[in-house]
Amino acid sequence: MTPSSSIASPGAAPAHDEHHDHHPSYLVDGTTIKSWLLTVDHKRIGLMFLFWVLLFFLVGGIFALLIRVELLTPGPTIMDAMTYNRTFTLHGLVMIFLFMIPAIPAVFGNFMLPLMLGAKDVAFPRLNLLSLYIYLGGAMLALWGMLNGGLDTGWTFYTPYSTHTTTTVAPVLFGAFIIGFSSIVTGINFIVTTHTMRAPGITWFKMPLFVWAIYATSCIQVLATPVIGLLLVLVTVENLFSFGMFDPARGGDPVLFQHLFWFYSHPAVYIMVLPAFGVMSEVVAAFSRKNIFGYRAVAYSSLGIAFVGFFAWGHHMFVSGQSTFVGGLFGVLTMLVGVFTAIKVFNWVGTVYKGAVDFKTPFAYFCGFLFFTVFGGMTGIALGTVSLDVPWHDTYFVVAHFHFIMVGATIMAFLAALHYWFPKMFGRMYHEGWALVSAALIILGFNATFIPQFLVGNNGMPRRYYEYPERFQALNVASTAGASLLAFGFVIIACYLTYALVYGRAAGKNPWRSKGYEWLTESPPPTHNFVGPQPTYPEEPHFYVDPKKAEVPDAV
Amino acid sequence: MSELLNNILFLPEAASTFAERVDLLHHFVVGTTMVMSAGVGLAALFMFFRYRRRLPAQATEYVVPTLKTEFLFVSVPLVFFLAWFGIGFRDFTWVTTPPKDAMDVYVMGKQWMWKFAYPEGPNGVNVLHVPANRPVRLLITSRDVLHSFYVPAFRIKMDALPGRYTQIWFEATKPGTYQVLCTEYCGLSHSKMLAEVVVLPEEEFDVWMKEQRRGRLQDRQDALADTSLVPPVARMVEQGQVLAGTQGCLKCHSVDGSQHIGPTFLGLYDRVEKLDDGQDIRVDEAYITQSMMDPGAHLVAGYQNVMPTYQGKLQGPETAAIVEYIKSLRTANVREGASEGPAYDAIQ
């Protein structure tokens, strides 16, 4: 990697190109702190989200490693039981509410959605900035609560434990409640943007599939998040003022809590994973240089997952004492989610057919993603098979399953997006060799971490165990070893991406020769996204057909 | 074959009739999904290689799936998923519907121990004795927060909810000792909330039960050390009778079939009652418990909603004792119609 001395500041266009002096990239258009903190540019807001999301990912990751080290031996290893219970609660809360949910929509959705729609910004730029500060405010309140008093309920806050525990529940719940508003505001913004700000030529069925995925996600966010908001307020009130909503000793119903909780938290899984599906549709098309095999099937299945996802929450409660019939109903509906996901998987693989595969880093992550989605999805189907869920429920099998589909798939997509759009966002290239090495490490490390957890779950180890019977140890050691490999992979990424940010060679407008709509503008884009006349959109995105009719753009 | 698969998949010993069913379906599902996943994965790998990019500016064909392909994409997974679901739901219905002749054991979770009480006699902490090859129904509740009763070797699990009874049943196939784990996070010592199920051959169980009835302490002192669960009167029925009097149940409910403010307890258990909303309900443990905790929830037709709640006034074992007392007040003809008779000898 050679430092490129011709570039004055990160991401600036080459200095000799006079044209760009009048339209500086969004990165250098205003360099004061205020110009960043008060910006209404969706790209800068996306970048700030990226910073915070990565920071919280680091925090959650450190706690994950602490958990894995603690579980190295059957008895106490590095902490006491109370600390352990707080640690896994923190890990879950930070990862889900502060990383997984905002990761792709708030960062790449914010950055790419207007570019992909040929729009100058999102529909409500100020609201967009507000969502960042709501997110940060909620995050700070929740973290403050977790560090002052600590919370030991697990991220699910199940009552009546959460209304009985002596630890500090209220600030954390209220923090999560506030973060919910950020999610809702972002969702509304994306929905309105998609409906009203598509450039001429971009019809609904010519929208990039990433936009479809973000659109479906936003619908879930807007519809489901208020439910958990309401629930968190109810628990807070019950905790502070002893209301009898969920505590049976006061006439309440703990199962009601579970219904309300999963009514949000099950669709929340799709808030995390649908954007990941969207990213992958873009990546597989760009790097196999093909139109998506069944574009409409993939688009509709996003909506299908969003819809059916609302009616599957009861599969978290097969052994909660709900009726057998209801268990069956939720079981069938769960299977439908599997079918919609299968449609996507088949169509992604179909996309490669007769394509021209360039095995770059984002495509490596696509391979990992394919494996995690298929494996995680299939184990999800197994869990939806009601009688099999009876022994597996709340064991490490479930932990492994949701880490595969929710975390594995999302992280693969997050990293694929980061690598695919890095040149677009920063105008720099990273070192391909190191990127491939770390991708291999991460995929290997992830498997080494979570495949043993499937097995230890089969063997009967319940989740959230500080100590465990000795027969579970070998698999736990394997899992911890995998986790260290995984962490090492992330360290490498942090190193070469930071290096690339400063010293990476200039990427040019479209280093991947992609025909995604977002590549029609400069890299990095100017403040209002496009210079000169707006691009035209005569073809659907990723249309790489006959070179005479539609030329594959050169790498600029 | 099955043994080998169990070892590869790290499945624990299968020691109940349900475990055999679960493992069979488990192998079917895991086997098929692995084959299907491998198929998709290998097809992908083959295509990554076969269609690798040869020229930097290579163009591609415009390929879209035919209707037939799309139909296959939907129908093949759907058929498999629904087949698994069908088998799984059949087994699930089976394990959540205890046979009428099942032996009852009351299970109460409490931070951080399991308490067991037999209607006919002894009770204990953290050790559950059951006979082999006889269906056992567990009536599970909690004294404080949520717990979940899990026996990996039996492949059964059921949540314990405060103020409510849930049920699951099993039939152990092999004598031995099996671990019980709590799988619903319940606070500080969640991971120490362990117990064991001791499955005895039928004759030994009967001998054990008789000894317990005589009050002789066995070597498993932890099973018997706890006297707080049920006060000195050992039989739950007798304790329930006393409680029904002291708690005021008998002020409104008769036990001889005569009309009073509330329905009579005589023959109440297993009776089909007409509710004031026109529906029918079969009186079981869950309904009796609910009627104590939330009397207005399902009001029997013809009665006023005047009963106070006993939520918080009765502890888990006390509730269980009253339920057992009501169950003991069965008339001959009710017993004839509803029950196939006890599968075990009365312990006397």
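Parameters and conventions
- Residues numbered from 1 in each chain as written.
- Chains lettered and ligands numbered in written order.
- Predicted model: local features only at pLDDT ≥ 70, side-chain atom pairs only at ≥ 80, totals over all residues.
- Heavy atoms only, no water.
- Helix = DSSP H or I, 4+ residues; strand = E, 2+ residues; numbered from the N terminus.
- Rg over C-alpha atoms; globule rule 2.2 N^0.38 Å.
- Buried < 20%, exposed > 50% of the residue type's maximum accessible area, 1.4 Å probe, protein only.
- Contact = heavy atoms within 4.5 Å.
- Lys, Arg positive; Asp, Glu negative; His and termini not counted.
- Charge placed at Lys NZ, Arg CZ, Asp CG, Glu CD.
- Pairing = 2+ DSSP bridges.
- Axes fitted to C-alpha atoms, helices over the stretch in contact; angles between N-to-C directions.
- Buried area = accessible area lost by both parts, 1.4 Å probe.
- Salt bridge = Lys/Arg side-chain N within 4 Å of Asp/Glu carboxyl O.
- Polar contact = N/O pair within 3.5 Å; in protein donor to acceptor, adjacent residues only side chain to side chain.
- Nonpolar A, V, L, I, M, F, W, Y, C, P; charged D, E, K, R; others polar.
- Parallel < 35°, antiparallel > 145°, perpendicular 65-115°, else oblique.
- Core = buried A, V, L, I, M, F, W, Y, C linked by side-chain atoms within 4.5 Å.

**Student:** For this particular structure, what's the right way to read the overall build of chain A?
**Tutor:** From N to C terminus, chain A includes 15 helices and zero strands. Expected size for 556 residues packed as a compact globule is a radius of gyration near 24 Å; at 23 Å, chain A falls within 12% of this value. Relative to its 556 residues, chain A shows a buried fraction of 66%. Pairs at least 24 apart in sequence give 82% of the contacts found in chain A among residues at least 6 apart. Once the 27 positive and 26 negative side-chain charges of chain A are each reduced to a mean point, those two points are 7 Å apart.

**Student:** Explain the sheet that holds strand β10 (residues 195-200) of chain B to me, please; I cannot follow it from the model alone.
**Tutor:** Backbone-to-backbone hydrogen bonds pair the strands of a sheet. The strands run either parallel or antiparallel. Residues and elements named next belong to chain B. Reading across from one edge, β4-β10-β9-β6-β7 is the order of the five strands in this open sheet, with mixed pairing throughout. The outermost strands of the open sheet, each flanked by one partner alone, are β4 (127-131) and β7 (156-160). On average, each strand axis in the sheet is tilted by 25° relative to the strand beside it, whichever way the strands run. Two strands pair when backbone bridges link them, and β4 and β10 are joined in this way by five bridges, in the parallel orientation. Bridge pairing links Pro131 to Leu200 in β10.

**Student:** I tried to follow the interface of chain A and chain B on my own but got confused; where do I start?
**Tutor:** Interface size, as often reported, equals the accessible area lost upon joining of the parts. Facing the 96 residues of chain A at the interface are 76 residues of chain B. Summing both sides of the interface, chain A and chain B together bury roughly 7400 Å²; the carbon and sulfur share of this comes to 68%. Across the contact surface, chain A and chain B share four salt bridges. For Arg164(B), the salt bridge identified is with Asp253(A), shortest N-O distance 3.0 Å. In this structure, the connection of chain A to chain B is made through 28 residue pairs in polar contact (both at pLDDT 80 or more). Every element with two or more residues in the side of chain A that touches chain B is listed here: α3 (81-117), α5 (161-164), α8 (254-287), α10 (324-352), α11 (361-384), α12 (386-392) and α14 (432-458) of chain A. Element by element, the count of residues in the side of chain A that touches chain B is highest for α10(A), at 16 residues. Split by residue class, the side of chain A that touches chain B holds 56 nonpolar, 26 polar and 14 charged.

**Student:** Got a minute to help me understand unusual backbone geometry in this structure?
**Tutor:** Leaving glycine aside, a negative phi is the common case for residues, and trans is the common case for peptide bonds. Residue and element names in this part refer to chain A. Cis peptide bonds are those with omega within 30 degrees of zero, and the linkage from Thr159 to Pro160 qualifies with 0°. Along the chain, the position of Pro160 falls in the loop between α4 (125-147) and α5. A positive phi angle is found at Phe157, which is not glycine, with a value near 50°. Position of Phe157 among the secondary structure elements: in the loop between α4 and α5.

**Student:** What am I meant to see in the sheet that holds strand β8 (residues 166-170) of chain B here?
**Tutor:** All names here are of chain B. Within the open sheet, the five strands sit side by side as β3-β2-β1-β5-β8. Their pairing is mixed. Edge positions in the sheet fall to β3 (123-125) and β8, since each has one partner strand and no second. Direction aside, neighbouring strands of the sheet carry axes that sit 25° apart on average. Where strand β2 (residues 113-117) and β3 come together, three bridges link them in antiparallel fashion. Paired with Phe116 across the two strands is Gly124, which belongs to β3.

**Student:** Help me out: how do you make sense of the packing of helix α13 (residues 396-426) of chain A against helix α15 (residues 473-503) of chain A in this one?
**Tutor:** Any two packed helices are characterised by the angle at which their axes cross and by the distance between the axes. Residue and element names in this part refer to chain A. Packing of α13 against α15 leaves a shortest axis separation of 12 Å and a crossing angle of 10°. Taken together, α13 and α15 sit at an angle that is classed as roughly parallel. Mapping the contact onto sequence places Ile411, Leu415, Leu418, His419, Phe422 and Phe426 in α13 and Phe490, Ile493, Tyr496, Leu497, Ala500 and Leu501 in α15. Looking at the contact of α13 with α15 residue by residue, the class counts come to eleven nonpolar, one polar and no charged.

**Student:** Could you clarify how one ought to interpret the nonpolar core in this entry?
**Tutor:** Counting 247 residues, the largest nonpolar core has Trp421(A), Leu138(B) and Phe154(B) as its most contacted members. With 29 residues, the next largest nonpolar core counts Ala244(B), Phe265(B), Tyr269(B) and Met292(B) among its residues.

**Student:** Where do I start with the side chain of Thr163(A) in this structure?
**Tutor:** Residue and element names in this part refer to chain A. With respect to the helices and strands, Thr163 occurs in helix α5. The class of Thr163 is buried, set by a relative accessible area of 8%. With residues near it in sequence (within four places) discarded, Thr163 still touches Val235, Glu238, Asn239 and Asp247.

**Student:** I'm lost on the environment of Leu130(A) in this one. Help?
**Tutor:** Residues and elements named next belong to chain A. Among the secondary structure elements, Leu130 is positioned in helix α4. Residue Leu130 is classed as partly exposed on the basis of its relative accessible area of 42%. Along the backbone, Leu130 and Pro462 are 332 residues apart, and their C-alpha atoms lie at a distance of 41 Å.

**Student:** Help me understand the environment of Leu136(A), please; the structure alone is not making it clear to me.
**Tutor:** Residues and elements named next belong to chain A. In this structure, Leu136 sits in helix α4. Residue classification places Leu136 among the buried positions, given a relative accessible area of 12%. Considered as a pair, Leu136 and Phe49 are 87 residues apart in the sequence and their alpha carbons are 9.4 Å apart.

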